[in-house]
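This is what each chain is made of:
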Amino acid sequence: MAGSANSKKLKLLYLIRILYEKTDEDHPITMEEILDSLLSYGIEAERKSIYSDIELLTLAGIDVIGERRDRNFFYHIGSRRFELAELKLLVDSVQSSRFITSKKSDELIKKIESLASRHEAMGLQRQVYVADRVKTENENILYNVDHIHQAIAGNKKISFQYFNWDVNKKRVFRRNGERYELSPWSLMWSNENYYLVAYDSADEKIKHFRVDKMLHIAIEEAQREGKNIFRDFNMGTYSGAVFGMFGGELENVRLLCDNEMSGVIVDRFGRDVPMTRTDGEHFTVSIIVAVSGQFFGWVTALEGKVRIIGPENVVKRMRETLKTVSSQYE
């Protein structure tokens, strides 16, 4: 009796697998194919029992559709937890993400493919190919993200080592391998990379670090610091102020812009940025930015259609930057 009961349970589980793996709207299967598929798993079944099983699955909320096509009756899974278009979006995101290694991307994509039928999974494989995509080499990044989330949820500090690449493409630790100890407050996605935003109590300032360059993360017993600073912290404002995630002192910078640059300003700083008309051809904006070479590079790339007009110390730095770059091409 026990063996018979187990066989019935296995039959139902294998039936679910067969329907999810082998069928979709364009690829239904007949009752004969269902019975043959069950037999390949070592399960012998009668048609009558399969009818009852399909009715049971339908009552459980699984969308099994049966319909007559020509002279045969076919079955397939209707709605799934994820639509094919949604799976394509997930696969594309995984494949194109720089912070996920190639190996981990392949593993994740295989898991995503298992949410579709075999026929749809083939379409997903064609969907995801991206030539020469630059990917991180840090296999632990997903676990890094998990550790950071745990520390934030537990209100704990973290410690880690941080590295850069040298001219020989080898890892070189910052601070000669000495561990950083910071208070993590948020994770941010920018320029196709994950960044940790944290408070450094030693320097009394907010800092950010690329998660794929962090190694050997440990959750410390010490409680996080910087609560007062992060109480009114706006991640959107911070990400808009820091160009290319290069650090710099925050300044209230005034820009004089040609009218045609209004879209560029809105795209970069959002629709809430105040824009003041100065004449029929120009407007000004005041924005908080981290003044860095990346910011000056952004202004330069706009070919004079956006100009820094204040404060004077930032204008002076822009002039010096332009002179330095120009001298290298003389």
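Calculation notes
- Residues numbered from 1 in each chain as written.
- Predicted model: local features only at pLDDT ≥ 70, side-chain atom pairs only at ≥ 80, totals over all residues.
- Heavy atoms only, no water.
- Axes fitted to C-alpha atoms, helices over the stretch in contact; angles between N-to-C directions.
- Helix = DSSP H or I, 4+ residues; strand = E, 2+ residues; numbered from the N terminus.
- Parallel < 35°, antiparallel > 145°, perpendicular 65-115°, else oblique.
- Contact = heavy atoms within 4.5 Å.
- Nonpolar A, V, L, I, M, F, W, Y, C, P; charged D, E, K, R; others polar.
- Pairing = 2+ DSSP bridges.
- Buried < 20%, exposed > 50% of the residue type's maximum accessible area, 1.4 Å probe, protein only.
- Polar contact = N/O pair within 3.5 Å; in protein donor to acceptor, adjacent residues only side chain to side chain.

> Account for the packing of helix α4 (residues 84–96) against helix α5 (residues 102–113), with residues named and values stated.
For the pair α4 and α5, interaxial distance at closest approach is 9 Å and the crossing angle is 175°. In terms of orientation, α4 and α5 fall into the roughly antiparallel class. The segment α4 lies against α5, with L87, L90, V91, V94 and Q95 engaging S105, L108, I109 and I112. Partitioning the contact of α4 with α5 into residue classes produces seven nonpolar, two polar and no charged.

> Tell me what's going on with the sheet that holds strand β2 (residues 64–69), and back it up with residues and numbers.
Reading across the sheet, the three strands line up as β1-β3-β2 and stay open at both edges, with antiparallel pairing between neighbours. With partners counted over all chains shown, the strands left at the sheet margins are β1 (29–30) and β2, one partner each. Summarising the sheet, β1 and strand β3 (residues 72–77) pair through two bridges and their orientation is antiparallel. Across the sheet, the residue bridging to T30 is F74, located in β3.

> Account for the environment of N164, naming residues and giving values.
Along the chain, the position of N164 falls in strand β4 (residues 156–165). Since its relative accessible area comes to 25%, N164 is described here as partly exposed. Taking the C-alpha atoms as reference, N164 lies 7.1 Å from K213; in sequence the two are 49 residues apart. When neighbours within four sequence positions are excluded, N164 is seen to be in contact with K170, R171, V172, R174 and K213. Within the structure, N164 has its side chain in polar contact with the side chain of K213 (distance 3.1 Å).

> Please give an account of the sheet that holds strand β13 (residues 306–310) that cites residues and values.
What the four strands build is an open sheet, ordered β11-β12-β10-β13; its pairing is antiparallel. The strands lining the two open edges of the sheet, one partner per strand, are β11 (275–277) and β13. Each neighbouring strand pair of the sheet contributes to a mean axis angle of 35°, computed without reference to strand direction. Both strand β10 (residues 249–258) and β13 contribute to a ladder of four bridges, which runs antiparallel. Its bridge partner lying in β13, R254 is registered against G310. Strand contacts of helix α10 (residues 262–269): β10, β11 and β12 (282–291), with the helix running at about 30° to β12, the strand carrying the most contacts. Across the sheet, helix α12 (residues 312–327) touches β10, β12 and β13, and the angle it forms with β13 is around 135°.

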